Amino acid sequence: MRTGREAYHSRRHGGFTLIEAAIVLAIAAILLGIAMPTMGRMLAHYQLIAAQIELIASLQHARSLAITSGRRTLLCHSMNGRQCVDSVRWDRGWAAGRYRSTQASQLDGPPALVHAGYARLIIMSSDGRTRIRFQPSGTAGGSNATFTLCRAGHAEDALALRLSLAGRIAAGTAAPNEARLCAASH
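Given the structure is predicted, the values throughout are model-derived calculations rather than measurements.

Enquirer: How should the sheet that holds strand β8 (residues 169-173) be read in this particular structure?
Expert: Two pairing modes exist for strands in a sheet, parallel and antiparallel, and in both the strands are linked by backbone hydrogen bonds. Strand order across the open sheet formed by four strands is β4-β6-β7-β8, with antiparallel pairing between neighbours. The open sheet has two edge strands, β4 (122-125) and β8, and neither has a second partner. Taken pair by pair, the neighbouring strands of this sheet meet at an average axis angle of 15°, ignoring direction. Relative to strand β6 (residues 145-151), β4 is paired through four bridges, and the arrangement is antiparallel.

Here you go:
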C-alpha cells in the first residue's frame, strides 16, 4: 500500500508543469510566426487563381448565352451590375447580358450575370477593351483581349487570360511587362 507521499509523487508525474507548458506554447508561437507569411502569400495566390477561374467562367457564360440565344451578348466592367463603365479596370465587378446594335455600349435589359469583383486584386483588360462583345456565332468582335490579374505591388504572381477573336480563352501567367504594369496600377 502507498503512503500519502508516494501517492502525491505518482500523481505529479501524470501532468505537465507550468514551465513545460510555457515552453511548448513558445515553440508553437515561433513555428506559427514562421508559417504565417508563407500562408498569407499562398492564400493571396489562391485568390488570384479563383478570380481567374471566375472571369473565365463569366466569359464562357457570355459566349454561351450569345450562341444559345442567337443574340449578341456583352460582358463589361460594371460597378453596379446594371450599367457598363468605360474602364480597363475590372476588379470592381462586371456584368453580362444582351445588347442592341443601336446601344452597343450598354446592356439591354436586366443582366444575365453579375459579379461583384475583388477588393484586394487588380484586374485589367488590354488597352481599348472596356467591353467584350460576343456574336451569335461565338466570336468576340473587335480585337484579341488580354486580362491581367495581380495584387498591387506584386508582379511575381500575376496571372493572365487571353481571349481570341474566335472566342477561345487561354489562361496562364502574365507576361513580365503585363505583370509590371498591373502591379504598378493603383
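Enquirer: Please explain the environment of Asn144 as it appears in this structure.
Expert: Position of Asn144 relative to the elements: it lies in the loop between β5 (131-134) and β6. Asn144 sits 21 residues away from Leu165 along the chain, and the two C-alpha atoms are 5.5 Å apart. Excluding residues that lie within four positions of it along the chain, Asn144 makes contacts with Ser126, Arg129, Leu163, Ser164 and Leu165.

Enquirer: What is the right way to read the nonpolar core from this model?
Expert: Nonpolar side chains tend toward joint burial in soluble globular proteins. Judged by nonpolar contacts, the single largest core of 24 residues is most densely connected at Leu59, Leu75, Trp94, Ile123, Ile132, Phe134 and Phe147. Of all the secondary structure elements, the ones that give two or more residues to this core are α2 (18-69), β2 (94-98), β5, β6 and β7 (154-163). Tallying contributions element by element places α2 first for this core, with seven residues. The residues touching Leu75, leaving out its near neighbours within four places in the chain, are Ser58, Leu59, Ala62, Trp90, Trp94, Ala95, Ala96, Arg131 and Ile132.

Enquirer: What is the right way to look at the side chain of Ser185 in this model?
Expert: Among the structural elements, Ser185 can be located in the segment after α3 (176-184). For Ser185, a relative accessible area of 17% puts it in the buried group. If near-sequence neighbours (up to four positions away) are discounted, Ser185 is found in contact with Arg89, Ile122, Met124 and Ala152.

Conventions used here
Residues numbered from 1 in each chain as written. Predicted model: local features only at pLDDT ≥ 70, side-chain atom pairs only at ≥ 80, totals over all residues. Heavy atoms only, no water. Pairing = 2+ DSSP bridges. Helix = DSSP H or I, 4+ residues; strand = E, 2+ residues; numbered from the N terminus. Axes fitted to C-alpha atoms, helices over the stretch in contact; angles between N-to-C directions. Contact = heavy atoms within 4.5 Å. Core = buried A, V, L, I, M, F, W, Y, C linked by side-chain atoms within 4.5 Å. Buried < 20%, exposed > 50% of the residue type's maximum accessible area, 1.4 Å probe, protein only.

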